[in-house]
Amino acid sequence: MSRLKSIFQQTWQNLYLAAILIFLYAPIATMMVLSFNSSKSRTQWGGFSLQWYRDMFASRNIMAALQNTLLIAFLSALIATVIGLAACIAINSMRTVPKAVIMGITNIPMLNADIVTGISLMLAFIAFGISLGFKTVLIAHITFNIPYVILSIMPKLKQTSRATYEAAMDLGAGPIYAFFKIVFPDILPGVLSGFLLAFTMSLDDFIITHFTRGAGINTLSTLIYSEVRRGIRPSMYALSTMIFLIVLSLLIISNFAPKKKEQI
Amino acid sequence: MNQPLINLKNITKSFDGAVVLDDLNLSVAENTFVTLLGPSGCGKTTTLRIIGGFETADQGQVIFDGEDISKLPPNKRQLNTVFQKYALFTHMNIAENIAFGLKIKGKSKTYIQDKIKYALKLVNLDGFENRSVSSLSGGQQQRIAIARAIVNEPRVLLLDEPLGALDLKLRQDMQYELIRLKNELGITFIYVTHDQEEALTMSDTIVVMNQGYIQQTGTPEQIYNEPENAFVADFIGESNIIHGTMIRDELVEILGARFACVDKGFGTNKPVDVVIRPEDIDLVEPSRGTLTGICTHLIFKGVHYEMEVTTPDGFEWLVHSTDMCPVGKQVGIHVDPFDIQIMNKPASEDEEAVGVNE
């Protein structure tokens, strides 16, 4: 009797899990399948084709947007990592109360609604007479990326003991040499995952980019948005599939990279 | 001895308004083993960190070999530190750890290789060059930390409770190792600990500290046998500290009985503190004792028995002896004159902290 019950329970659990996975991934899977559909229809399978991928690569708009997206993601992640790392070092050596205050302030942009951040950045740019374009998008992305970088470096930095840094100084190293030779290797996993996190956040941001970009500048997300208004083309499915795969692989890397480092 | 190698002059340091060191003066002679001893929070580690350059004093000077190094950063000072938790660089192997300081100084490859070999031999860890830090036990890591410091040929080695994390047996072994190292290298050791046994075993000079003040400076024998105040007497080993009256030179009255002693110059009929070590008390026949009491506690400690003898006035004398006295038995207390240590009473709380500081 109890055996039957446990089989029932097991089956029910599996079904439940399957349902969750289907709800989560069926839409993405649909899109991926449709991106290989040779027919333009969204309901009929017209045979396997890479036509939309060819279209995508041939489209100057898409390629320009892709280039912008990658460049902004890379540059904003890089600059945010440098600024965030410097901020972490400073915050870490603060006394308890100012430290808590500063950490609170850096956390606010993450909790803040994107639309508020986007609109306020746009207003600020306009108020200060900065014309909207590539550089404003870049600045905006750096701004919202810094808290994520700090969030992933800070715990690593807290773990490192001050004693090893002092030991390096004691053995004759200057503060900068001691930091890069002794402290940096210890926090490198945090720095890398901070960079990757920032890269991903930048890659899939739409709202903030939408408000801070000027005319003529598109990233993939804003391009897709404007295409949708005109009636979506299957090459957008191909593009979305690509974005999904890139983000997915970055997430996998950022989750596994630190663990690998620790094993060595 | 020769002129002091390190001289701390009027060092004052406070953290967030709390005074940690107050007008501290200390001189350390070359090639000695000096221990800063005291309970936690007494300022001993802060003193060491000021010498090492990791903290700067609010006031006062650090003189090293005649030069004021108060403002010099740690990397410019001719001394090296062995840290409490070893602070080895875990992403480097043992050889790289030891070579760290030498590489910065731009020494040649062969020189560094020779030094690594020499240092590992010195700390009895030959052949450990390519091992990783995590594969070493606590004691081995501590030896590497010492090796890493001494290859730089510092004039002074600072040690911040280096044996604190080791177990008893290992700690004792390392104490002998450190004495051997100091003698072989001929460099000055400044050692910080709260462990009085460690201090007594290794030091040439012990500096007893409490609440930011130096209580007493002296050889282990002086500190143990002639404590200058109640704090030192109580902190170093166990002792009976009794209120007494100095009747005249070489005669003191304790609990109504008069004991002959060897101390002079306290004046007549002056209230004093009397220190008597538990192992210096002889239990004798009641008729032959200066005082009589009843044994109220008995514990076997291995090397000796620990007993408490209560005299009629209610004072409990702590007695260590290899002879046993059963509980309830009446005994006489006898103390030889040279085993009685007389100390001035502190006039106030403040003076108690300052001690009899020269």
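See the structure above.
The structure reproduced in this document is the subject of the present report. Note that this is a predicted model, so its numbers are computed, not measured.

Before going further, it helps to examine the nonpolar core. The biggest cluster of nonpolar side chains holds 131 residues, and the ones touching the most others in it are A:Ala198, B:Ala145, B:Ala147, B:Leu157, B:Ile190, B:Val207 and B:Val252. Residue contributions to this core peak at 12 residues, all from helix α8 (residues 175–203) of chain A. Dropping the residues within four chain positions of it, B:Val207 is found in contact with B:Leu26, B:Val34, B:Thr35, B:Leu36, B:Leu37, B:Ile214 and B:Thr217. Ranked by size, the runner-up nonpolar core spans 12 residues in total, among them A:Ala65, A:Leu66, A:Met236 and A:Ala238.

All right, on to the environment of A:Leu85 then. All names here are of chain A. Looking at where Leu-85 falls in the secondary structure, it is placed in helix α3 (residues 60–92). Along the backbone, Leu-85 and Ile-153 are 68 residues apart, and their C-alpha atoms lie at a distance of 7.0 Å. Excluding residues within four positions of it along the chain, Leu-85 makes contact with Ile-153 and Val-191.

Below, the discussion takes up the sheet that holds strand β13 (residues 257–260) of chain B. Residues and elements named next belong to chain B. The antiparallel open sheet is built from 5 strands, whose spatial order is β13-β12-β11-β14-β20. What marks the edges here is a single partner per strand, and that holds for β13 and β20 (341–344). Between one strand axis and the next, the sheet turns by 45° as a mean value, whatever way the strands run. Two strands pair when backbone bridges link them, and strand β11 (residues 240–248) and strand β12 (residues 251–254) are joined in this way by 4 bridges, in the antiparallel orientation. Paired with Arg-248 across the strands is Leu-251, a residue of β12.

Looking now at the environment of A:Thr241. Residue and element names in this part refer to chain A. The residue Thr-241 is located in helix α11 (residues 234–263) in this model. Residue class for Thr-241 comes out buried when judged on the 20 C-beta atoms lying within 10 Å of it. Taking the C-alpha atoms as reference points, Thr-241 and Ser-38, 203 residues apart in sequence, are found 16 Å from one another. Among all residues touching Thr-241, those that are not within four sequence positions of it are Met-31, Met-32 and Ser-35.

Rules used throughout
- Residue positions within a chain follow its written sequence, with the count starting from 1.
- A letter from A marks each chain and a number from 1 marks each ligand, given out in the order of writing.
- Since the coordinates come from a predicted model, pLDDT governs what is reported: local features require at least 70, and pairs of side-chain atoms require 80 or more to be given and counted, while whole-chain, interface and lining totals use all residues.
- Core membership is restricted to buried Ala, Val, Leu, Ile, Met, Phe, Trp, Tyr and Cys residues, and these are joined into a nonpolar core through C-beta atoms within 7 Å.
- Burial is judged by counting other C-beta atoms within 10 Å of a residue's own C-beta: 20 or more means buried, 12 or fewer means exposed, and anything between counts as partly exposed, with every C-beta placed from the backbone.
- Secondary structure elements follow DSSP: runs of H or I no shorter than four residues count as helices, runs of E no shorter than two count as strands, and numbering proceeds from the N terminus.
- By the convention adopted here, residues make contact when the C-beta atoms placed from their backbones lie within 7 Å.
- For two strands to count as paired, DSSP must find a minimum of two bridges between them.
- Every angle, taken between N-to-C directions, lies between 0 and 180 degrees, and every axis is a line fitted to C-alpha atoms, over only the stretch in contact when it is a helix.

Take it as geometry only, folks, not as evidence of what the structure does.
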